[in-house]
Amino acid sequence: MPTSPTAPARPRAALAMSRQAAAAVLAPASLAALAEVCDLEPPPALDDLTTDRARAVLADVEILVTGWGCPPLDQAVLDAAPRLRAIVHTAGSVRHHVTEACWERGIEVSSAAAANALPVAEYTVAMILLAGKHVVERARALRATRRREHPLTGLDGVGNYGRTVGILSASLVGRRVIDLLRPYDLRLLLHDPYVPDEEAVALGTRPVGLDELFAQSDIVSIHTPLLPATRGLVSRELLAAMRPGSCLINTARGAVVDQDALTDVLSQDRIRAVLDVTDPEVLPSDHPLWDRENVLITPHLAGSQGNEWRRLAALAVAETRRWAAGDGFAHPVRRERLEFLA
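In this text, all values refer to a predicted model and were calculated from it rather than measured experimentally.

*Asks:* What's the story with the pairing of strand β6 (residues 163-168) in this structure? I'm lost.
*Replies:* As a general feature of sheets, a regular strand has side chains that alternate between the two faces. Counting buried positions over the six residues of β6 gives five, a clear majority of the element. For β6 and strand β7 (residues 186-191), the ladder comprises six bridges, and the chain directions are parallel. Bridged to T164 within β7 is R187. Regarding the hand of the β-α-β motif, the stretch spanning β6, helix α8 (residues 172-180) and β7 is right-handed. Two strands pair when backbone bridges link them, and β6 and strand β9 (residues 219-222) are joined in this way by four bridges, in the parallel orientation. Residue pairing in the sheet places L168 in a bridge with I222 of β9.

*Asks:* Looking at this model, I keep getting lost on the sheet that holds β9. Mind explaining?
*Replies:* The strands that make up a sheet are held in pairs by hydrogen bonds between backbone atoms, and each pair lies either parallel or antiparallel. Overall, parallel pairing links the seven strands, which are arranged β8-β7-β6-β9-β10-β11-β12 in an open sheet. Of all strands in the sheet, those with a lone pairing partner are β8 (206-207) and β12 (295-297), marking the two edges.

*Asks:* Just checking my understanding: could you explain the pattern of salt bridges for this structure?
*Replies:* Proximity of charged atoms lets side chains of opposite charge pair with each other. According to the stated counting rule, one finds 17 salt bridges in the structure shown. For the salt bridge of E104 with R335, the shortest nitrogen-to-oxygen distance reads 2.9 Å. Within this pair, whereas E104 is found in helix α5 (residues 100-105), its partner R335 is found in the segment after α13 (309-324), the two being separated by 231 residues in sequence. A salt bridge links E149 to R138; its shortest N-O distance comes to 2.2 Å. Here E149 is found in the loop between α7 (135-145) and β6, whereas its partner R138 is found in helix α7, with eleven residues between them in sequence. Relative accessible area serves as the criterion here: at 27%, R138 is assigned to the partly exposed category. Ionic contacts of the salt-bridge type, sharing partners, join the residues R12, D39, E41 and R53 into one network.

*Asks:* Please explain the side chain of D192 as it appears in this structure.
*Replies:* Here D192 is to be found in the loop between β7 and α9 (197-203). Of note is the side chain of D192, whose polar atom sits 2.8 Å from the backbone nitrogen of A170. A distance of 2.9 Å separates a polar atom in the side chain of D192 from the backbone nitrogen of Y194.

*Asks:* Can you walk me through the packing of helix α6 (residues 113-132) against α13 in this structure?
*Replies:* Describing two packed helices takes the angle between their axes plus the distance from one axis to the other. Relative orientation of the contacting elements α6 and α13 amounts to 160°, with a least axis distance of 8 Å. Considering their axes alone, α6 and α13 lie roughly antiparallel with respect to each other. Here the hand of the crossing between α6 and α13 comes out right-handed. Taking contact as the criterion, the partners of A115, N116, L118 and P119 in α6 are, on α13, R311, L312 and L315. Partitioning the contact of α6 with α13 into residue classes produces five nonpolar, one polar and one charged.

*Asks:* Got a minute to help me understand the sheet that holds strand β5 (residues 108-110) in this structure?
*Replies:* Spatially, β2-β1-β3-β4-β5 is the arrangement adopted by the five strands of the open sheet, whose pairing is parallel. Strand pairing shows two members of the sheet lacking a second neighbour, β2 (39-40) and β5, which therefore form its edges. Alignment of strand β3 (residues 63-66) against strand β4 (residues 86-89), held across four bridges, turns out to be parallel. Looking at β4, one finds that L64 is bridged to I87.

*Asks:* Teacher, can you tell me more about α8 here?
*Replies:* A turn of α-helix holds 3.6 residues, and therefore any two residues three or four places apart point the same way. Residues of α8 that are buried: V173, G174, V177 and I178. Projected down its long axis, α8 shows its buried positions confined to an angular sector of 140°, all on one face. Where α8 is buried, its residues contact α6, β6, β7 and α9.

*Asks:* Before we go on, may I ask you to explain the confidence of the model for the protein chain in this structure?
*Replies:* Atomic detail in the predicted coordinates should be set aside for any region of low pLDDT. A residue-level look at the protein chain finds 97% of positions with pLDDT of 70 or above and a mean pLDDT of 94. Throughout residues 1-7 the model reports pLDDT below 50, and contacts reaching past four residues in sequence, or to other chains, amount to zero contacts.

Parameters at a glance
Residues numbered from 1 in each chain as written. Predicted model: local features only at pLDDT ≥ 70, side-chain atom pairs only at ≥ 80, totals over all residues. Heavy atoms only, no water. Buried < 20%, exposed > 50% of the residue type's maximum accessible area, 1.4 Å probe, protein only. Helix = DSSP H or I, 4+ residues; strand = E, 2+ residues; numbered from the N terminus. Pairing = 2+ DSSP bridges. Right-handed = clockwise from strand over helix to strand, strands pointing away. Salt bridge = Lys/Arg side-chain N within 4 Å of Asp/Glu carboxyl O. Polar contact = N/O pair within 3.5 Å; in protein donor to acceptor, adjacent residues only side chain to side chain. Axes fitted to C-alpha atoms, helices over the stretch in contact; angles between N-to-C directions. Parallel < 35°, antiparallel > 145°, perpendicular 65-115°, else oblique. Left-handed = near helix turned anticlockwise from the far one by under 90°. Contact = heavy atoms within 4.5 Å. Nonpolar A, V, L, I, M, F, W, Y, C, P; charged D, E, K, R; others polar. Arc of directions from axis to C-beta. pLDDT = per-residue confidence, 0-100.

This is the structure we're talking about:
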């Protein structure tokens, strides 16, 4: 009598992140979906990889599903995890926990950066359109005066028709912003030294130099990762070159912008800003930007929050399923690309 083929062994997996992150991102349905494709160590997640329990789990684990608050996976951790072959990250950047020792061993790494890029792009597009209509300033004026402005006068600088939007970096978020802006009557400029001109045109943008991006745009949206080469990239000179009444939107990292220079320029009332990130984060309580009416500061909320965490979990489950089936990751993080990633 023929025998049925032996089912492939399910990989052993464990969660490595703060317990708060695990509770927020991995709902019971997500944990159940993970348990369908791997032998998942029951919660709580490992938030300290030096405990006796962590050592016992690491001894057999093949996949670590990581998240915010995951301790660094250094050589000592890897020595305790001789079977570890893959890391599936439920957030964006892996820089805080995937160490050089992981790359040296050849561990495969996946990230949910693509899933996290979508809400950031959605926030950015919303702010671009609101900035074009000067919504923040006009709402404040309405609250202060309790009177509606005249609908036919004083609005020459208002509106989104034919405006020029400059995108700084065709990152995951930057590309998504460009894609989402396609239906609107906007002119898109792009500065990214790593994107060939032909590709920039194919994306629907006009490639320009950094100086031209700031000088010609009505709205500049920053999407470059924070790297040694991009720290302070948005300089005093670039900010001073922006058109009067133009708007700077930053959803990337605060330190990409010269914060002192930005404060000075905004204090002159020449330009406006929407800042979801600052340097430092949060600004001191007595910082002058808190009181500027031409600045909207939001609490780093553009990325995944609330029910958007389900999208991160869904991507992590899908990546785990692919890896367990031997299909490899759809969203791999490559060692050679690290210098270009946040």
